[in-house]
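This is what each chain is made of:
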Amino acid sequence: MQELFCEESAVMRDTRKAKRWYNIFRVISIIGFTLGILVLLFTILLLFMPVDAEAVEEGADFTGVLIQMAIFLVVSILLILTGVLFKVKKHNFLLSYDYTYVIGELRLAKVIHDRKRKILYRLTDEQIVQIGRVGSDSYEKLKRAPDCKEEILTPNEEAEDDKEFFYIQAATKVGKRLLILECRMNFIATVYRNNQNRRILEPDFNKKAYSK
């Protein structure tokens, strides 16, 4: 009996480095916001400072003061924008990927810090050109092909004990892609069994002597 639904996830195994960068970006974000607000408050204080009437009567030049205020305002905006940028980007280090197969469609998604899920590819059976193991002769040939761009869809350099690295060569809307997945054999078998094209499996799929 064919499975109508199958799902896998590639979750980051070692989060120490990712959390370190997350905290660095978090600190920079807080510093950017704090300094930006302080500079903005200082600029506002300059704006409402009392004007020396005698200086005005003597024709004092306030152009320098206005230029200083403009500079402080620009610096304040840049600091606040830096805080916003680092606040948004800090989540990008904690990544995982979801692979979902429903009859006729393979969905590949990126999950950012368990907060935001973004669909990267929705591949129909017809778009799947070839499936194989990373490290095989077929994989090496496809990787060297100038018209096929490799894209890593896993946060790990080493697969979990019960998983392997597989590739899916796909004809996408943005060109040919060599998509690298970290999943169990069962997931790949499900995609293969439910595809009408029995030639999508690489010729050397069952060879085991692959370099990971």
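In this text, all values refer to a predicted model and were calculated from it rather than measured experimentally. (Residues numbered from 1 in each chain as written. Predicted model: local features only at pLDDT ≥ 70, side-chain atom pairs only at ≥ 80, totals over all residues. Heavy atoms only, no water.)

A. Region of the structure containing the overall build of the chain. Counting its regular elements, the chain contains five helices and eight strands. When the helices and strands of the chain are placed in sequence order, the string is β-α-α-α-β-β-β-β-α-β-β-β-α. When burial is assessed residue by residue, the chain has 38% of its 212 residues classed as buried. Partitioning the intrachain contacts of the chain with sequence separation of at least 6 by distance along the chain shows that 67% fall at a separation of at least 24. Counting only carbon and sulfur atoms, one obtains 59% of the accessible surface of the chain, whose full area is about 13500 Å². (Helix = DSSP H or I, 4+ residues; strand = E, 2+ residues; numbered from the N terminus. Buried < 20%, exposed > 50% of the residue type's maximum accessible area, 1.4 Å probe, protein only. Contact = heavy atoms within 4.5 Å. Areas by Shrake-Rupley, 256 points an atom, 1.4 Å probe, with all protein chains shown as cover.)

B. Fine view of the pattern of salt bridges. Counting across every chain of the model gives 10 salt bridges. Ionic pairing is found between Glu 8 and Lys 163, a salt bridge with its closest N-O pair at 3.9 Å. Residue Glu 8 is found in strand 1 (residues 5–11), and its partner Lys 163 is found in the loop between strand 6 (148–152) and strand 7 (164–172); the two are separated by 155 residues along the sequence. Relative accessible area serves as the criterion here: at 7%, Lys 163 is assigned to the buried category. When the shortest N-O distance is used, the salt bridge between Arg 107 and Glu 105 registers 2.5 Å. (Salt bridge = Lys/Arg side-chain N within 4 Å of Asp/Glu carboxyl O.)

C. Representation of the nonpolar core in the model. Counting residues in each nonpolar core, the largest one holds 25 residues, and the members touching the most others are Tyr 99, Leu 106, Leu 108, Leu 179, Leu 181 and Phe 187. Among the secondary structure elements, those contributing two or more residues to this core are strand 1, strand 2 (95–102), strand 3 (105–112), strand 4 (116–124), strand 5 (128–133), strand 7, strand 8 (175–183) and helix 5 (185–193). Of all the elements, strand 2 adds the most residues to this core, at four residues. Counting residues in hydrophobic clusters, the runner-up holds nine residues, among them Val 134, Leu 142, Ala 145 and Phe 165. (Core = buried A, V, L, I, M, F, W, Y, C linked by side-chain atoms within 4.5 Å.)

D. The arrangement of the sheet that holds strand 1 in detail. One open sheet holds the four strands; their spatial order is 1-2-3-4, and the pairing between them is antiparallel. Each edge of the open sheet carries a strand with a single partner, namely strand 1 and strand 4. On average, adjacent strands in this sheet sit at an angle of 15 degrees to one another, irrespective of strand direction. Bridging between strand 1 and strand 2 involves seven bridges; their strand directions are antiparallel. Residue pairing across strands places Cys 6 opposite Tyr 101, the latter belonging to strand 2. (Pairing = 2+ DSSP bridges. Axes fitted to C-alpha atoms, helices over the stretch in contact; angles between N-to-C directions.)

E. Summary view of the packing of aromatic side chains. Scanning the model with the defined rule gives eight aromatic pairs in all. With a centroid separation of 6.4 Å and 75 degrees between ring planes, the pair formed by Trp 21 and Phe 25 is classed as edge-to-face. With Trp 21 and Phe 25 both in helix 1 (residues 16–47), this residue pair falls four residues apart, about one helical turn. Judged by relative accessible area, which is 37%, Trp 21 ranks as partly exposed. Classification of Phe 25 by relative accessible area gives buried; the value is 16%. Taking the centre distance of 5.2 Å and the plane angle of 80 degrees together, the rings of Phe 42 and Phe 72 count as edge-to-face. Note that Phe 42 is positioned in helix 1 and Phe 72 in helix 3 (residues 63–89), a separation of 30 residues in sequence. The exposure class of Phe 42 is partly exposed, given its relative accessible area of 41%. A residue is classified by how much of its surface remains accessible, and Phe 72, at 27% relative accessible area, is partly exposed. Grouping aromatic residues by their ring pairs yields a cluster made of Trp 21, Phe 25, Phe 86 and Phe 93. (Phe/Tyr/Trp six-rings, centres within 6.5 Å; stacked < 30°, edge-to-face > 60°.)

By themselves, these observations are geometric and do not establish any function.
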